[in-house]
Amino acid sequence: MSTEIAAGRPAGPPPNPHLWSRDGFNGDICVTSRPYPIVEYTDVRGPHVPQRVDLASVAAADHTDAAAPPTIIAHSRTDATISVSRRIAPTPFLWRNAENDELHFIQEGEFDYLTDFGFMHCSPGDFAYIPRAVTYRVVPTTTSALRVIVETPSQVALKPPAPFGMINFARDVGRPDPGRAPALDGPVQLLVKSFDGVTEYTLPRDPMALNAIIGGSVPVWRLNLAAIQPLTYLTHGGPPDSFAETADRDLLFYTLSARSGDRPPMHHNADYDELIFYFRGPGEYGSITAPGQLAWVPKSIAHWGPNEDVPDGYLAWLIESTGTMRLTPDGAAAAQLMETGEFGVSNATRLPGAGE
Ligand SMILES: [Fe+2]
């Protein structure tokens, strides 16, 4: 330890701790103590601003138009997108993504997913993974529905820090049931999404009809957020770790549910935007109390974040994105400026102009 650090070290926890980190929580770091919090701001002008999005307030087109696609609320420089779906009617066509893997999160409602590899039922809190070139359609089985759909051109894989502990693969990772693969009567309409639009095919028979799985492993899975164990370090806490990531590590997926430990330090995340999705309580996550809230902190912007050691508990998840995110007009319409201490709505003034 250097003389400077040792000489400046107070007794007990340091005030206003601050962490600068590379590669999410996995690279170089430097931790400091500051004389006062550095997350406040009073005015801001421009596009790189923290915001909160009320997902239920997004005007999702597929809520009233069964043929509409999910509504994109954010996109990144690396071609990842985040969409909101409020589909309550069965998909009237088959869907296949030619460019992107899809990771769905069920915020509200129950859904039957009919896929190339069979039937999979999904409930609130479930992640449902559908890689590119897999055909599927969705049948909601409840009258209210809200899903978050992440699309990425890179392959998503479950990759917890150890083969057991964070995820119990045998117990909690579900796969479609190939014995339940109800086919539609033909002809059927198939929509294939590519970088330049949607191509519509009419097929004489349902291509998802299935005899049996006879080799390999089924690439579609489901996993509930509540089944993913948060990682911490006792007794003071420490960084979380991801349970899934894309092959190029453009996106990292974490549970950010309640866990023991001290409040995290103030943070400058050098390489990743942070997008926190509060799924539900009963416990509050700082100023976030309503289910279905997205708290977005763009990379390099100072944030502290609430205490995560909440006795009543809550469930939340986090995307780290190397591609800088921007809200679309549909996302911005449901967004408010956010203060980055407790992730509440900010009292600061957002000044017009300069790329807003
Ligand atoms: Fe952070």
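Bear in mind the structure is a predicted one, so any value in this text is a computation, not a measurement. (Residues numbered from 1 in each chain as written. Predicted model: local features only at pLDDT ≥ 70, side-chain atom pairs only at ≥ 80, totals over all residues. Heavy atoms only, no water.)

1. Remarks on the sheet that holds strand 15 (residues 188-194)
Which entries qualify depends on this criterion: Two strands form a pair only when DSSP identifies at least two bridges running between them. Helix and strand assignments follow DSSP, with helices taken as H or I runs no shorter than four residues and strands as E runs no shorter than two, numbered in order from the N terminus. An axis is simply a line fitted to the C-alpha atoms; with a helix, the fit covers only the stretch in contact. Between two such axes, the angle follows the N-to-C directions and lies from 0 to 180 degrees.
Sheet architecture is open: six strands sit in the order 10-9-12-7-15-16, paired in mixed fashion. Two strands bound the open sheet, and with one partner strand each, they are strand 10 (118-122) and strand 16 (197-203). Taken over all neighbouring pairs, the strand axes of this sheet differ in orientation by 30 degrees on average, direction set aside. With two bridges joining them, strand 7 (residues 94-97) and strand 12 (residues 135-140) adopt antiparallel strand pairing. Counterpart to Arg96 in the pairing with strand 12 is Thr135.

2. Some words on the coordination of the iron ion
Selection rule: Coordinating donors are taken to be N, O and S atoms lying within 2.8 Å of the metal, or within 3.2 Å when the metal is Na, K or Ca; because water is excluded from the atom set, some sites may appear incomplete. Here a site with four donors is tetrahedral if all angles are between 85 and 135 degrees, and a site with four or six donors is square planar or octahedral if opposite donors are over 155 degrees apart and the other angles are between 65 and 115; anything else gets the irregular label. Exposure classes here rest on a 1.4 Å probe applied to the protein chains alone. A residue is buried below 20% of its type maximum, exposed above 50%, and partly exposed in between.
Every protein donor of the iron ion is accounted for by His267 (ND1), Glu274 (OE), Glu274 (OE) and His303 (NE2), and the metal-donor separations fall at 2.1 to 2.7 Å. For the iron ion, the four donor atoms are set out with angles of 53 to 146 degrees between them, so the coordination reads as irregular. Every donor residue of the iron ion comes from the same chain, spaced as H-x6-E-x28-H. Of this pair, Glu274 sits in strand 21 (residues 273-280) while His303 sits in the loop between strand 22 (293-297) and strand 23 (315-321), placing them 29 residues apart in sequence. An identical accessibility class is assigned to Glu274 and His303; each is buried.

3. Notes on the environment of Thr71
The line we're drawing: The contact rule is simple, with two residues in contact once any of their heavy atoms fall within 4.5 Å. Two N or O atoms form a polar contact when they lie within 3.5 Å of each other; inside protein one atom must be a possible hydrogen donor and the other a possible acceptor, and for residues adjacent in sequence the pair counts only when both atoms belong to side chains.
In this fold, Thr71 is placed in strand 5 (residues 71-76). Distance from Thr71 to Pro306, taken between C-alpha atoms, is 29 Å for residues 235 residues apart in sequence. Contact partners of Thr71, with chain neighbours within four places excluded, come to Val58, Ala59, Ala60, Ala61, Ile82, Ser83, Val84 and Asp330. There is a polar contact of 3.0 Å between the side chain of Thr71 and the backbone nitrogen of Ala61.

4. Points about the sheet that holds strand 17 (residues 221-224)
Spatial ordering of the open sheet is given by 17-11-8-13-6-5-24, a layout of seven strands whose pairing is antiparallel. Edge positions in the sheet fall to strand 17 and strand 24 (325-327), since each has one partner strand and no second. Averaged over all pairs of adjacent strands, the angle between strand axes in this sheet comes to 20 degrees, irrespective of strand direction. Examined bridge by bridge, strand 5 and strand 24 share three bridges and lie antiparallel to one another. Residue pairing across strands places Ser76 opposite Met325, the latter belonging to strand 24.

5. Let's talk about the domain arrangement of the protein chain
By a widespread convention, an interface's size corresponds to the accessible area lost as its parts come together. As a reminder, the rule being used: Those domain boundaries reflect an automatic or database domain assignment. Values labelled buried area give the accessible surface lost by two parts on being combined, using a 1.4 Å probe and summing over both. We define a salt bridge as a side-chain nitrogen of Lys or Arg found within 4 Å of a carboxyl oxygen belonging to Asp or Glu. Ten residues, namely Ala, Val, Leu, Ile, Met, Phe, Trp, Tyr, Cys and Pro, are considered nonpolar, four, namely Asp, Glu, Lys and Arg, are considered charged, and the remaining ones, Gly among them, are considered polar.
Taken domain by domain, the protein chain holds domain 1 (3-54 + 229-339) and domain 2 (59-225). Relative to domain 2, the C-alpha centre of domain 1 lies at a distance of 28 Å. Contacts between the two partners involve 36 residues from domain 1, matched on the other side by 33 residues from domain 2. Between domain 1 and domain 2 the total buried area reaches about 2800 Å² when both faces are included, carbon and sulfur atoms providing 69% of it. The largest per-residue losses of area from domain 1 upon contact with domain 2 belong to Phe243, Phe279 and Trp317, which jointly make up 24% of the total buried on that side. Where domain 1 meets domain 2, there are one salt bridge. With its nearest N and O atoms 3.4 Å apart, the salt bridge here joins Lys159 to Glu245. Taken together, domain 1 and domain 2 are joined by 14 residue pairs in polar contact (both at pLDDT 80 or more). Considering only residue class, the side of domain 1 that touches domain 2 consists of 19 nonpolar, eleven polar and six charged.

6. A short note on the side chain of Arg147
As a reminder, the rule being used: In this tally, Lys and Arg are treated as positive and Asp and Glu as negative; His is ignored, and so are the chain termini.
Mapped onto the elements, Arg147 comes out in strand 13 (residues 146-152). An unpaired buried charge is present at Arg147: no salt bridge exists, and Asp62, the closest side chain of opposite charge, is 4.7 Å distant. For Arg147, the side chain forms a polar contact with the side chain of Tyr113, separated by 3.0 Å. What Arg147 contacts, discounting residues up to four positions off in sequence, is Ser83, Val84, Ser85, Arg87, His104, Phe105, Ile106, Gln107, Phe111, Tyr113 and Val138.

7. Quick word on unusual backbone geometry
In this model, Gly186 is joined to Pro187 through a cis peptide bond whose omega is 0 degrees. Turning to its location among the elements, Pro187 is positioned in the loop between helix 2 (169-172) and strand 15. Cis peptide bonds are those with omega within 30 degrees of zero, and the linkage from Leu234 to Thr235 qualifies with 15 degrees. The residue Thr235 is located in the loop between strand 17 and strand 18 (242-246) in this model. The backbone of Asn16 shows a phi angle near 45 degrees, a positive value even though the residue is not glycine. Its identity is not glycine, yet Arg249 carries a phi of approximately 55 degrees, on the positive side. Considering the arrangement of structural elements, one finds Arg249 in the loop between strand 18 and strand 19 (251-255).

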